[in-house]
Amino acid sequence: MNRHIQRIFVAGHRGMVGSAIARALSTRDDVELVLRTHSELDLTDQQEVRHFFATERISQVYLAAARVGGIHANDTYPAEFIQQNLMIAANVIHEAWSSGVKHLLFLGSSCIYPKLAAQPIQESALLSGPLEPTNAPYAIAKIAGMTLCESYNRQYGSDYRCVMPTNLYGPGDNYHPENSHVIPALIRRFHEAKLAGAPVVSIWGSGTPLREFLYADDLARACVHVMTLSSQVYRKHAGTASFLNVGTDEEVTIRDLALLVAKVVGFEGNIRFDTTRPDGTPRKRLDSSLINATGWRPLVALESGLRIAYQDALSTKRLPEFLAMETPA
């Protein structure tokens, strides 16, 4: 019997999350992946996005493309973070709807929640207090994308869904020395310290904030899972919030995370915490009970995931083999 083949566009397939989603979908025999690099399709350009959807006969969209980064990047480039992410969300969601795409998944970020939200954070905490100032522009762009999905569903009857992942890590992560998130930043710092034989590594902040970390391929499984739920089941669990948190329900301090990364990398020196640097949000654990109730659970433990991520960074040469490689020209 011939199966209906779905042409699924994964926006941002070269990023950590998008590549994980593409891997998850590639195992299905009823899916034809449609992938475009930034040079082939600029998602901030409305005309390019309009032409793409008008000609490609897309069945579903996973919107994982975004301008992302850690505390330093968000604090340094706030205009770029809000402008580019607003443009991506507005262009892709509107042009998908215009071309008749009924099913779309938008990926948010746990930074959409108030800085001091009650823990663990439930979906209902959205817009209940001030955001963390260092990443508010990015968070507001993500909230706008979620609101776009909800508004198109309400006005046009589309079935656009949203998931809110916790902090992510895994294969394909960004190891930029200044603009990366905490796990790749720590992996790079300890790796370079090991290569240099450095006796001490300095870490931003006090080490006391608590964080929750989800392996990227676990998030990808969650995304595919959410898209395969019936409309009735999704609406029942997403409720009035219209989105689902995706986390592990486990927390670790930045201090313990640093010790674990040092162990995985093989750095044997000392760790110093620089309390003159910002900590960011003191605690950020998501309540994932709603998506858990639909049958999804994470599979990859933190230490196992860190080992896979480190080996991937080495094998794909995202980390230097010798410190001389990083010497500026």
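Residues numbered from 1 in each chain as written. Predicted model: local features only at pLDDT ≥ 70, side-chain atom pairs only at ≥ 80, totals over all residues. Heavy atoms only, no water.

**Structural notes on the overall build of the protein**
How we decide: Secondary structure is summarised from DSSP: a helix means a run of H or I of at least four residues, a strand means a run of E of at least two, and numbering begins at the N terminus for each. For a compact globule the rule gives 2.2 Å times the number of residues to the power 0.38, and the radius of gyration it is set against comes from C-alpha atoms. With a 1.4 Å probe rolled over the protein chains alone, any residue whose accessible area is under 20% of its type maximum counts as buried; one over 50% counts as exposed, and the rest are partly exposed. In this analysis, two residues are considered to be in contact whenever any of their non-hydrogen atoms come within 4.5 Å of each other. The Shrake-Rupley method, run with a 1.4 Å probe sphere, supplies the accessible areas, and residue values consider only the shown protein chains as cover. Charged-residue counts in this description rest on Lys and Arg as positive and Asp and Glu as negative, His and the chain ends being excluded. Where a charge lies is defined by one atom per residue type, namely NZ (Lys), CZ (Arg), CG (Asp) and CD (Glu).
Along its length, the protein carries 11 helices and 13 strands. A compact globule built from 329 residues would reach a C-alpha radius of gyration of about 20 Å, and the protein, at 20 Å, matches this within 12%. For the protein, the spread of C-alpha atoms along the principal axes amounts to about 60 × 40 × 40 Å. Looking at the protein residue by residue over its 329 residues, the buried ones come to 50%. In the protein, of all internal contacts separated by at least 6 residues, the share reaching a separation of at least 24 is 81%. A total accessible area of about 15,300 Å² is found for the protein, and carbon and sulfur atoms account for 52% of it. In the protein, which carries 32 positive and 33 negative side-chain charges, the distance between the mean positions of the two groups comes to 3 Å.

**A closer look at the sheet that holds strand S5 (residues 159-165)**
How we decide: When DSSP finds two or more bridges between two strands, those strands count as paired. For helices, the fitted line uses only the C-alpha atoms of the stretch in contact; every axis is such a line through C-alpha atoms, and the angle between N-to-C directions lies from 0 to 180 degrees.
On the basis of which strands lie adjacent, the open sheet formed by six strands has the order S2-S1-S3-S4-S5-S10 and parallel pairing. At either end of the open sheet lies a strand with only one pairing partner, and these are strand S2 (31-34) and strand S10 (244-246). Across the sheet, the mean angle separating the axes of adjacent strands is 20° when strand polarity is ignored. Pairing analysis gives five bridges linking strand S4 (residues 103-107) to S5, with the strands arranged parallel. What sits directly across from His103, in S5, is Asp159. Packed onto the sheet, helix H2 (residues 46-56) meets strand S1 (6-11), S2 and strand S3 (60-63) and runs at close to 165° relative to S1. Lying over the sheet, helix H5 (residues 136-156) contacts S4 and S5, oriented at roughly 155° with respect to S5.

**With respect to the packing of helix H1 (residues 16-26) against helix H7 (residues 216-228)**
Operational definition: By the definition adopted for this analysis, an angle is roughly parallel if under 35 degrees, roughly antiparallel if over 145, roughly perpendicular if from 65 to 115, and oblique otherwise. Throughout, a crossing is termed right-handed when the near helix is turned clockwise from the far one, and left-handed when it is turned anticlockwise from it by less than a right angle. Lys, Arg, Asp and Glu make up the charged group, whereas Ala, Val, Leu, Ile, Met, Phe, Trp, Tyr, Cys and Pro make up the nonpolar group; the residues left over, Gly among them, are polar.
Contact geometry of H1 with H7 gives a least axis separation of 8 Å together with a crossing angle of 60°. On the basis of the axis angle, H1 is oblique to H7. Between H1 and H7 the crossing geometry is right-handed. Of the residues in H7, those touching H1 at Met16, Val17, Ala20, Ile21, Arg23, Ala24 and Leu25 are Ala216, Asp217, Leu219, Ala220, Cys223 and Val224. A class-by-class count of the residues in the contact of H1 with H7 yields 11 nonpolar, no polar and two charged.

**As for the sheet that holds strand S8 (residues 210-211)**
Through backbone hydrogen bonds, the strands of a sheet pair up, either in parallel or in antiparallel fashion. Across the sheet, three strands lie side by side as S11-S8-S13; this open sheet has mixed pairing. Across the chains shown, the open sheet's two edge strands, defined by having one partner strand only, are strand S11 (252-253) and strand S13 (283-284). Pairing between S8 and S11: two bridges, direction antiparallel. Across the sheet, the residue bridging to Leu210 is Thr253, located in S11.

**Concerning the packing of aromatic side chains**
Note the threshold: Stacked, edge-to-face and tilted labels apply to pairs of Phe, Tyr and Trp rings (six-membered ring for Trp) whose centres lie within 6.5 Å, assigned for plane angles under 30 degrees, over 60, and everything in between, in that order.
In the structure shown here, the tally under the stated rule is 10 aromatic pairs. When the ring of Phe190 is compared with that of Phe267, the centres are 5.3 Å apart and the planes differ by 40°; the resulting orientation is tilted. Of this pair, Phe190 sits in helix H6 (residues 182-196) while Phe267 sits in the loop between helix H9 (254-265) and strand S12 (270-274); the two residues are 77 residues apart in sequence, bridging distant segments of the chain. Of the two residues, Phe190 and Phe267, neither departs from the other in class, the shared state being buried. Among the aromatic residues, ring-to-ring pairing joins Phe9, Phe52 and Phe53 into one connected group.

**With respect to the pairing of S3**
Remember that side chains alternate between the two faces of the sheet whenever the strand is regular. Covered by surrounding structure in S3 are Gln60 and Tyr62 together with Val61 and Leu63, the residues of both alternating faces. Relative to S3, S1 runs parallel, the two sharing four bridges. Bridged to Phe9 within S3 is Val61. Bridge analysis of S3 against S4 gives four bridges, and the strand direction is parallel. Note that in S4 the partner of Gln60 across the bridge is His103.

**Considering the confidence of the model for the protein**
Atom-level detail of predicted coordinates should not be read off regions where pLDDT is low. Our working rule: Note: pLDDT gives the predictor's confidence per residue, expressed from 0 to 100.
With 97% of its residues at a pLDDT of 70 or more, the protein shows a mean pLDDT of 93. Low confidence marks residues 325-329, where pLDDT is under 50. Its contacts with residues over four positions away, or in another chain, come to four contacts.

**Observations regarding unusual backbone geometry**
Pro120 follows Gln119 through a cis peptide bond whose omega is -10°. Within the secondary structure layout, Pro120 lies in the loop between S4 and H5. A positive phi is found at Arg57, a non-glycine position, where the angle reads about 50°. Structurally, the position occupied by Arg57 is in the loop between H2 and S3. Residue Leu127 is not a glycine yet carries a positive backbone phi of 65°. Tracing the backbone through its elements, the reader meets Leu127 in the loop between S4 and H5.

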